[in-house]
Amino acid sequence: MRYAKAVLTVLILLAAITALCAQPEKAEREKVVIGVIGPMALPEGQAEEKAVKLAVEEINAQGGILGHKVEVVVGDTKLDSNTATSEFRRLATVENADVIIGGFSSGVMTAMMETMAETKTLFLSDASSPAHAQKVEQNYEKYKYWFRVSQNNGSTFALDLADMVKFLRDSGYEVKKVYVIRDEHVWTDPVMEALKPLLEEMGVEIVKDVKIPRGYSEYEQLILEAENLNADLIMPILAISGTGDILVKQWATLKPDLLLAGHDLSAIDAELYEKTNGMANYEIFLADGGALVTAPPTEKCREFVEAYKAKYGHYPESHQAYGAYDAVYLYKMVVEMAAENGEKDPFDPDILVKYLVRFNASNPVQLTRTIAFYDNHDLMWGDEYVRNWISQWQDGKQYIIYPPSVANGELKLPPWIQK
Amino acid sequence: MRWVNGAALILAAVMPFILPEAYLYIFGLAYIFAVMVISWDLMVGYTGQVNLGHTTFVGLGAYVAALLQTPLRTGIAMHPAVSIIAGGAAASAVGLAIGIITLRLRGYYFALVTAILPLVFMQTVFIWRELFGGEEGFAVENTLFTTTLEKYYFSLVVLVVSFILMKKIVDSRIGLRFMAVRDSEELAESLGINTTRYKVLAFVLTSFFAGIAGAMVVNYRFTVSPELYGVPLMLLIILSAVLGGLGTLYGPLIGAMVIYLAKNWWLGDIIRTFSLPINDEIVLYAILIAVGILMPEGLYHEIKERWVKSNKQ
Amino acid sequence: MIETLIKIFLFGAVVGGIWGLVASGFSLIFGVSRILNFAHGAAFVSSAFLAYALVNEGYSLYFAVSAGLMLAAVIGVVVYALTKPVRDREVMVIIVTLAFALLVQQVLLVLFGDRGVSIEPFVEGVAEIGGVKVTHMRLLSLALAVICLTALEVFITKTNLGKKVMATAQDSRAAMMVGIDIEKIFLFVMVLSSLLAGFAGILYAQIFAVNPEVSLRALIYAFAIVILGGLGSLRGSIAASFIVGYILVITITFLGARWSEFVMLLTIVAILVVKPTGLFGVEE
């Protein structure tokens, strides 16, 4: 009898605790919660957090989303998959985030997409591997909550790089031979695969294709080799190596008779000029993410970078800021569209997915960039949408030099080029 | 001690009724992490050989298990339970080979060689990335469990079983010989103990459990990636074991739980709440330095000593 | 062909020279005080970052470099103080120095972000040697490294203080008995070695660029080199620096850049399997 009493007490206690901890079932909505997740020790994550907070501040000042106040909760991936999945889950289930924005780094994204599918959370993301969109394609119901907002998928760089060569030729710089230096990383493979036939078509030869490991620094030997092979162009395809700044510095020191033009993530950093003591001058690069501080493609983008500067004292530290800022407005728009159409729960992620996909090729939305999605929820690429604008460092400033529709500068060749 | 163990176990068992699922998920990962830490203690705390390459075996176990259960990559689709064991076995086999080569020597050489090992293995992931998936890693297809609740209990069971096995080992005659090697190799040898053989044995055992833990991570979060070989993970393991107190198993177990939960849960909250201009790693490393200098024996010994002292009075 | 040889010779020597500065100090500290100083990379990067920040603030290059070296020396003192209470526990020494190294790395990460910074070179311009273009800065840094390493060698073998250092390295207890203040020697060696590492960091930031992650990288290189040369052997580690430099450059030239580090690490492991005490080491 005594036993039974003890058991009963324990059971009642447990039930009470469970009841206390269980969240009340779909009570009246008081607020909208936006989660932002990223590597918060790095500029990419910090830019995401600051941009989201800025957008939310603006939206709250105008009355919030459907009259609800918006609140921001932050998660830190620490670029570690275990931490990232834990944090995503915390934001989704403990903080009850209605949408999660951010990401960065493909491996971490792959891991987080599993948690996203399990928690059915809308995820307006950053990271560039085409594999993510392929997942959506292969298993739509499971992964449909994922959208790529920040930047085009990595394989589109092939199109931009081919256009870059074409643009240089049209501007009078003859390109016949290209020396490629790229990351030893899975993301550069589809780029190379797509780039090869495009260059072949133009009669351009790839004289060498060099892969470099993370943290690589011995570029001088490669530059000398490129010169010996009579290359017209060194084409970096670098994001992970983290040492694109060393490449440009050594190129500017050796002053070889060839251009440095390609995709180098470090070139997008607005402080590269300062950090290399001006050696970054004349580097031609791709403005990943479709916007530059010194060449904003839309009016909203111009306002955004100035508001960012006013609030934080400096311009966005990485291009992830544009995507994160756009994501907040995108979310507000689809929720309002859903409410207007009389949806029962305009915050239901399954319903919002249906509204997000309405932004397609024929119906893009202009935010800091012009955004539309493919059927696999990848960000649409093109002159009229977002692409990696062909840009150049000129005397401490970044200019977009192609396509003409957004360009605010012209190609300048380094003075030491004799061709 | 027994009732403390029992109470801890009951607490762990009812945790799902108390905690929201997201924290349960972190707890489960902490259990797996604890397996890594106590298995490191088995080698370092009991035989005194400083193994700086424990993550080699965590990563090996993870990749072996991941490859064995992902038919898309290898054409092999083993049952996850088998692949987890295989991960442990592969890790211990590599441990055996490396141990035979490196453990003949005394002094710092073992520490130095093991420090380089994870770097070498991490390079393999990048170089043969068609197989290993490079920096991005890859998603694992058929996993043992799907819900957080199942995963939580499974990692709890693995932790408890691993802990009991290791405790049995260190309490046995083998464990006594490990400690003899630690305390004085010369003395152990003069007593007729083949020190190299016991050091290698400890290394094989420690690698086995590390491999199991790595394979568990894969089955827990459904992806594998090279950070499982990484230096940061190694440091976290060292930090937890040292904080807890080497050569006790209990200390490292508690250290592992506290450090992992602090890093992935509490510290972040605290720093965010006060918006401090530092990150959590700075806090953790500062704690590590302080503990290392102020109580180099670890918390477990420190508390035990005080306990004994206060009981005497 | 000749050009390739010249290229390998020159570039390998420059890389070897810089790592030689780092590794010799690491080796010296271990030889004298039996401390594996995992915080050695901290001096390497911190001096470079401070020099970069000061140049940016408008100070002259030489002032900035001196300040950077001062910081490296301070780090040496800190490491000495941190390791003093735990010196006889090898596990704790490793843990405390490693934790300190990572602490410094994280502080730099918070202050400067994860991107590389470079310092303006002492000299500009490019020379041509046998048809190979080499920057003046590379040649200068090779010369500086050789001068420093030679001076170190002369100092150790010829001067009175140097002989005390050697005596302590050979047998610290005996050294104490003949009246050498070994604590002072320990401190001195720690500061000297950190200065060498800090100087290497500044040269590195002039030729390449440093980011906080480089601190771990410098440590790993120093570590690998010292193991290869044999623990505690100063000459061994200097020779090994150049060997590592050449392995790197030859791999880049003939196998491709992607293999550079893998081949280096593999060679070292292979050598250790054959000769576990390193090339010039003695078994303890």
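Residues numbered from 1 in each chain as written. Chains lettered and ligands numbered in written order. Predicted model: local features only at pLDDT ≥ 70, side-chain atom pairs only at ≥ 80, totals over all residues. Heavy atoms only, no water.

A.B. asks: Could you give an account of the overall build of chain A, with specific residues and numbers?
C.D. replies: Tallying secondary structure elements over chain A gives 15 helices and 15 strands in all. At 24 Å, chain A has a C-alpha radius of gyration in line with the 22 Å of a compact globule built from 419 residues. Along the longest, intermediate and shortest principal axes, the C-alpha atoms of chain A span 95 × 50 × 40 Å. With 419 residues in all, chain A has 61% of them scored as buried. For chain A, the proportion of contacts with a sequence separation of at least 24, taken over those separated by at least 6, is 70%. When the accessible area of chain A is evaluated, it comes to approximately 15500 Å², of which 51% is carbon and sulfur surface. Put simply, chain A has 41 plus and 61 minus side-chain charges, and the middle of one group is 5 Å from the middle of the other. (Helix = DSSP H or I, 4+ residues; strand = E, 2+ residues; numbered from the N terminus. Rg over C-alpha atoms; globule rule 2.2 N^0.38 Å. Buried < 20%, exposed > 50% of the residue type's maximum accessible area, 1.4 Å probe, protein only. Contact = heavy atoms within 4.5 Å. Areas by Shrake-Rupley, 256 points an atom, 1.4 Å probe, with all protein chains shown as cover. Lys, Arg positive; Asp, Glu negative; His and termini not counted. Charge placed at Lys NZ, Arg CZ, Asp CG, Glu CD.)

A.B. asks: So, the domain arrangement of chain A: which residues are in play, and what are the values?
C.D. replies: All names here are of chain A. Split into domains, chain A comes out as domain 1 (31–152 + 298–371) and domain 2 (155–288 + 388–402). Relative placement of domain 1 and domain 2: their C-alpha centres are 31 Å apart. Taken together, the contact between domain 1 and domain 2 spans 4 residues of the former and 6 residues of the latter. Broken down residue by residue, the surface that domain 1 buries against domain 2 is led by Pro130, Asn152 and His319, which jointly contribute 61%. (Domains from an automatic or database assignment. Buried area = accessible area lost by both parts, 1.4 Å probe.)

A.B. asks: Any chance you could break down unusual backbone geometry for me, citing the residues and the numbers?
C.D. replies: Residues and elements named next belong to chain A. Cis geometry is adopted by the peptide bond preceding Pro403, which originates at Tyr402 and carries an omega value of -5°. Examined against the element boundaries, Pro403 turns out to sit in the segment after β15 (397–402). In the Ramachandran plot, Asn230 falls in the positive-phi region, its phi being about 60° despite a non-glycine side chain. Within the secondary structure layout, Asn230 lies in the loop between α9 (219–228) and β8 (233–238). Classification of Asn230 as exposed rests on a relative accessible area of 52%. With phi around 80°, Tyr282 is a residue other than glycine that occupies positive phi space. Within the fold, Tyr282 resides in the loop between α12 (272–275) and β11 (284–287).

A.B. asks: Lay out the interface of chain C and chain A with the relevant residues and their values.
C.D. replies: Counting residues at the interface gives 35 residues for chain C, matched by 36 residues for chain A. Surface buried jointly by chain C and chain A totals about 3000 Å² across both partners, of which 46% is contributed by carbon and sulfur atoms. Three residues, Arg115, Lys133 and Arg258 of chain C, lead the burial of chain C against chain A; their summed loss comes to 24% of the area buried on that side. Joining chain C to chain A, the criterion identifies 4 salt bridges. Among the salt bridges present, the one from Glu220 of chain A reaches Arg138 of chain C, with a minimum N-O distance of 2.7 Å. The tally of links from chain C across to chain A stands at 12 residue pairs in polar contact (both at pLDDT 80 or more). Secondary structure elements with two or more residues in the side of chain C that touches chain A: α1 (2–33), α2 (40–56), α4 (90–112), β2 (132–135), α8 (182–207) and α10 (234–254) of chain C. (Salt bridge = Lys/Arg side-chain N within 4 Å of Asp/Glu carboxyl O. Polar contact = N/O pair within 3.5 Å; in protein donor to acceptor, adjacent residues only side chain to side chain.)

A.B. asks: If you had to explain the sheet that holds strand β1 (residues 31–38) of chain A to someone new, which residues and values would you point to?
C.D. replies: Residue and element names in this part refer to chain A. The 5 strands are arranged β2-β1-β3-β4-β5 in an open sheet whose pairing can be described as parallel. Lying at the two open borders of the sheet, with one neighbouring strand each, are β2 (69–76) and β5 (146–148). When strand polarity is set aside, the average angle formed by the axes of neighbouring strands in this sheet is 20°. As defined by bridge partners, β1 adjoins β2 across 8 bridges and the pair is classed as parallel. Bridge assignment links Ile34 to a residue of β2, and that residue is Val72. Lying on the sheet, helix α3 (residues 81–94) is in contact with β1, β2, β3 (99–103) and β4 (122–126); it crosses β2 at an angle near 160°. Packing against the sheet, helix α15 (residues 349–356) makes contact with β4 and β5, and its axis sits at approximately 50° to β4. (Pairing = 2+ DSSP bridges. Axes fitted to C-alpha atoms, helices over the stretch in contact; angles between N-to-C directions.)

A.B. asks: Can you tell me about the interface of chain C and chain B, naming the residues and giving the values?
C.D. replies: Contacts between chain C and chain B engage 43 residues on the former and 35 residues on the latter. Here chain C packs against chain B, burying approximately 3700 Å² in sum over the two surfaces, 81% of which is carbon and sulfur. Broken down residue by residue, the surface that chain C buries against chain B is led by Ile95, Gln106 and Phe262 of chain C, which jointly contribute 14%. At the surface where chain C touches chain B, the tally comes to 1 residue pair in polar contact (both at pLDDT 80 or more). Secondary structure elements with two or more residues in the side of chain C that touches chain B: α4, α9 (214–229) and α11 (260–274) of chain C. Tallied by class, the residues present in the side of chain C that touches chain B amount to 34 nonpolar, 2 polar and 7 charged. (Nonpolar A, V, L, I, M, F, W, Y, C, P; charged D, E, K, R; others polar.)

A.B. asks: Now, about helix α9 (residues 173–183) of chain B: what can you tell me, with residues and values included?
C.D. replies: Because an α-helix completes one turn every 3.6 residues, residues spaced three or four positions apart along the sequence face the same direction. Residues and elements named next belong to chain B. Here α9 has its buried residues at Gly175, Phe178 and Val181. The buried residues of α9 all sit within an arc of 115° when viewed along its axis, so they share a single face. For α9, the exposed residues set more than 90 degrees away from the buried face come down to Arg173, Leu176 and Asp183. On its buried face, α9 sits against α2 (21–47), α8 (148–171), α10 (185–190) and α11 (195–221). At the N-terminal end of α9, a side-chain oxygen is found 3.2 Å from the backbone nitrogen of Ile174, two or three residues along, and the residue is Ser172. (Arc of directions from axis to C-beta.)

A.B. asks: Could you give an account of empty space enclosed by the protein, with specific residues and numbers?
C.D. replies: Overall, the coordinates contain 5 cavities of 30 Å³ or more when judged by the stated rule. Of the pockets and cavities examined, the largest cavity occupies roughly 240 Å³. Looking at the largest cavity, it is lined by 18 residues, and the ones nearest its centre are Ala115 and Val231 of chain B together with Phe38, Leu98 and Ile220 of chain C. Listing elements by their share of the lining of the largest cavity, those giving two or more residues are α6 (109–127) and α12 (231–244) of chain B together with α9 of chain C. A per-class count over the lining of the largest cavity returns 16 nonpolar, 2 polar and no charged. Ser217 and Glu218 of chain A together with Trp19, Tyr221 and Leu248 of chain C are, among the 17 residues lining the second largest cavity, the residues nearest its centre. Taken together, the elements giving at least two residues each to the lining of the second largest cavity come down to α1, α9, α10 and α11 of chain C. Per-element accounting of the lining of the second largest cavity gives the leading share, 4 residues, to α1 of chain C. In terms of residue class, the lining of the second largest cavity is made up of 11 nonpolar, 3 polar and 3 charged. (1 Å grid on protein atoms, 1.4 Å probe; cavity = no way out; pocket = protein on both sides within 12 Å on 5 of 7 lines; lining within 4 Å. Points joined across faces, edges and corners; volume = space filled by probe spheres on them.)

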